[in-house]
Amino acid sequence: MEAELNVAVKKGKLELVQQLVEDGADVNAKVENGWTPLHSAVQRNSEEIVNFLLENGADPFAKKDNDATPFILAGVTGNVKLLKLFLDKGSCINEYDINGFTAFMEAACYGQEEALKFLYKNGADVNQRREVDVTKKAVKKGGATALMDAAGHGHFALVKILVEEMDADVNICDNQDGNALIHALSEDKDWNKGREDSALFLLKNNIDASKRDANGKTVLILAVERESLDLVKAILELDEVDLNDADENNETALHVAVKKKNNAIAKLLCEKGARVDDEVLDIAHRNYQSNLIELLQTYESPGSPRQPEICKEFSTNRWRIKLQKLNQMHRPMIGKLKIFQYQDLWIQKTTQGGVYLGFYAGQEVAVKVFWKDSENAKREEVCLKECRTSKYLVKFWGSETRKACLYLCLSLCEKNLQEYFKEENNTTMESKKILKIIFQAVNELHAFGFGHQDLHPSNILIDFTGKIFLADFDKSREITDDTKYSVISEDLQGLQKLILYVVMRGQKGFEHLPKECPKDVEENIKEIEDLRQRLELSDQTTLADSLLEMLIYHPYFWSKEIKYRVLREIGNEIRTVYNTNKDDIPNALRFTDDPFMNWKEKIDEEVWDSMVNLGKEKGNKKNKKGTRTYEKDVTGLLKFIRNMGEHYLEKDDEVRKKIGEPADYFLDRFPDLTIYIYQQLHNTDYSKHFPNANNSS
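Residues numbered from 1 in each chain as written. Predicted model: local features only at pLDDT ≥ 70, side-chain atom pairs only at ≥ 80, totals over all residues. Heavy atoms only, no water.

Student: Run through the UniProt feature "repeat: ANK" (unreviewed entry) in the protein, naming residues and quoting values.
Tutor: UniProt annotation of "repeat: ANK" (unreviewed entry) refers to residues 1-32, 33-65, 66-98, 99-131 and 249-277 when read in the numbering used here. End-to-end, the C-alpha atoms of residues 66-98 are 6 Å apart, and along that stretch the chain is 52% helix and 0% strand. Segment residues 249-277 splits into 55% helix and 0% strand. End C-alpha atoms: 15 Å apart. (UniProt positions renumbered as here; feature names shortened; annotations may be inferred. Helix = DSSP H or I, 4+ residues; strand = E, 2+ residues; numbered from the N terminus.)

Student: Provide a residue-level description of the pattern of salt bridges, including the pertinent values.
Tutor: Summed over all chains, the structure comprises 35 salt bridges. As a salt-bridge pair, Asp133 and Lys136 come within 4.0 Å of each other at their nearest N and O atoms. Asp133 sits in the partly exposed class, given a relative accessible area of 39%. Across the pair Glu248 and Lys325 runs a salt bridge whose closest N-O atoms are separated by 3.6 Å. Placement of Glu248 in the loop between α15 (229-238) and α16 (253-259) and of Lys325 in helix α20 (residues 320-328) is noted, with a sequence separation of 77 residues between them. On the basis of relative accessible area, Lys325 is assigned to the partly exposed category, the value being 28%. (Salt bridge = Lys/Arg side-chain N within 4 Å of Asp/Glu carboxyl O. Buried < 20%, exposed > 50% of the residue type's maximum accessible area, 1.4 Å probe, protein only.)

Student: Outline the state of the cysteines, supporting the account with residue identities and numerical values.
Tutor: On inspection of all chains with the given rule, the structure shows zero disulfides. Cys109 takes part in no disulfide bond, and the closest cysteine sulfur, belonging to Cys173, lies 18 Å away. Residue classification places Cys109 among the buried residues on the basis of a relative accessible area of 8%. (Disulfide = S-S within 2.5 Å.)

Student: How would you sum up the pairing of strand β3 (residues 354-360)? Please name residues and give values.
Tutor: Within β3, seven of the seven residues are buried, which leaves the element mostly enclosed by the surrounding structure. As defined by bridge partners, strand β1 (residues 337-339) adjoins β3 across three bridges and the pair is classed as antiparallel. Looking at β3, one finds that Leu337 is bridged to Tyr360. Of the strand pairs in this sheet, strand β2 (residues 346-348) and β3 are connected by two bridges, and their pairing is antiparallel. Directly across from Trp346, in β3, lies its bridge partner Tyr356. Looking at chain direction, β3 and strand β4 (residues 363-371) are connected through seven bridges and run antiparallel. Pairing of Phe359 across the sheet is with Glu364, part of β4. Hairpin connection, β3 to β4: the antiparallel pair is bridged by two residues, and Ala361 has positive phi, about 55°. (Pairing = 2+ DSSP bridges.)

Here you go:
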């Protein structure tokens, strides 16, 4: 009966629908692909049946298998009355299906102008990008906007409305880095006048003409494929596209024009300086195009520009195959740079343009692309040039410019910190090692006179040898007397978050970290929290520029050996103080809430006995020298640690077996002792025993 109901709805037979519902048919029953009668009624565009079904219990929020709701389908049909009806019942104006389509996007796809305007007036997000799951994002699906839909389907009137009346952003890109212009010129849809007009309109409205499609084709190549002379002229007038740029098959716009036997476009390209090589002439000869052969010979290039010498062996493992592919391509050189800006050679997408694989003077590099006059480009270039001699910042090889673009060439790394923590074998590097290098990198950047201002796991890079570098300086700010506090403070806040992110091994996203270190972290939580608290700048009188350098020597970063050495040295000071009747260290360490008052209970009986009864050294079971006494507070513990270090080798085999390594023995039993001593003594003269810039051993 449920199947019959859906069929009746699709055929628009209201009376039969009413009869079937009266006979008990389920109004919310789903048929193939999750269609409910209500979905079918909306698709049929039958307001009467829709109202009847809703009155009889149909779920207005029902979803098909692809999560499409009746409201989204109403965007396809463009029925404003139905759209309003579902909104009144609680549908969300920007709700979307599993492919990211909203009602607004569907209206743009199907040219539904009235529905588009209605949805916009009711709060539809003009610039919403198609939301898709992680799996689809991995293959670069999704991300398109309503403007891309209208342009791709040739709805020129809607394209104008979206841009001129609704302020649609023409330069938003989908997950393949294609904008609305790429969608208008796309090969997978029938070419029509509406798409051509849309492309011409977008070019006049400052759309980025440097984008490529999924096959690496420039907008110029796509325009030639469409055989639109007007579009080719408009693109060439912008002077943003390299005439000799090629797609992934090494075909240029001229190659395509000759294949298409389009003499007018081929002539225009030649006049503008397109490179005429033997391959282009061969195409013309194979097609018996005598007029075109004569034209091409007139403009024949003297020879191919020399490609740079590329190293045959690449240091990278992750990018080797893609670099080999780029190496085999003939690319128009940009100074010393060889690059192909399309998605298969992406390293990372950025809001400015992206990071691509490339070769600079024969060296494999990561190439960060900017609009050359952008503020971000200026900041990154200035910072990189000033920090050329850095040890912990990503290496800057050089830069090139072409037309509106700036290309910054940087050392090529394998992965960022986010990617590292997603790997199964992410235990290679200890958290404290990672964090110490990050601290050193930020401190080094400050010493060069810049603040990073965007510390994030994606900006921490790891090369093929496992070395860590700080990168991405497009938001950096120069440190001046006036800006010192605010700039450094922002970086220190970023470091506070990075500490949590690293010790949690990336288990929580950087934007969703807890406020404090979780108890299940396999680290010393008190040391971590003390380090994080010390990154707070209480006021502008704080020595902001020296704080970070000091914290590089915080106990969290100390090795086990250093911790043990410090405890022994402080214990020796205490012993000396007691022997000379001075009391400054004991007073600094004595508190009524001393957390180590019961330290003796954690010492094994054999170990305790060997340190109290002085005659029980190795080979001497009798007590001939009396007993030592130890205070019950932390000072006694430190003396005990010092004395054990001094006399360990004198102990018998049984005691030494019980102790094992003295450093392990004491640090395992008293993991918080080091940070406690540091907290109490770091502002006293006895901090001389702590590692610092002058004594880092």
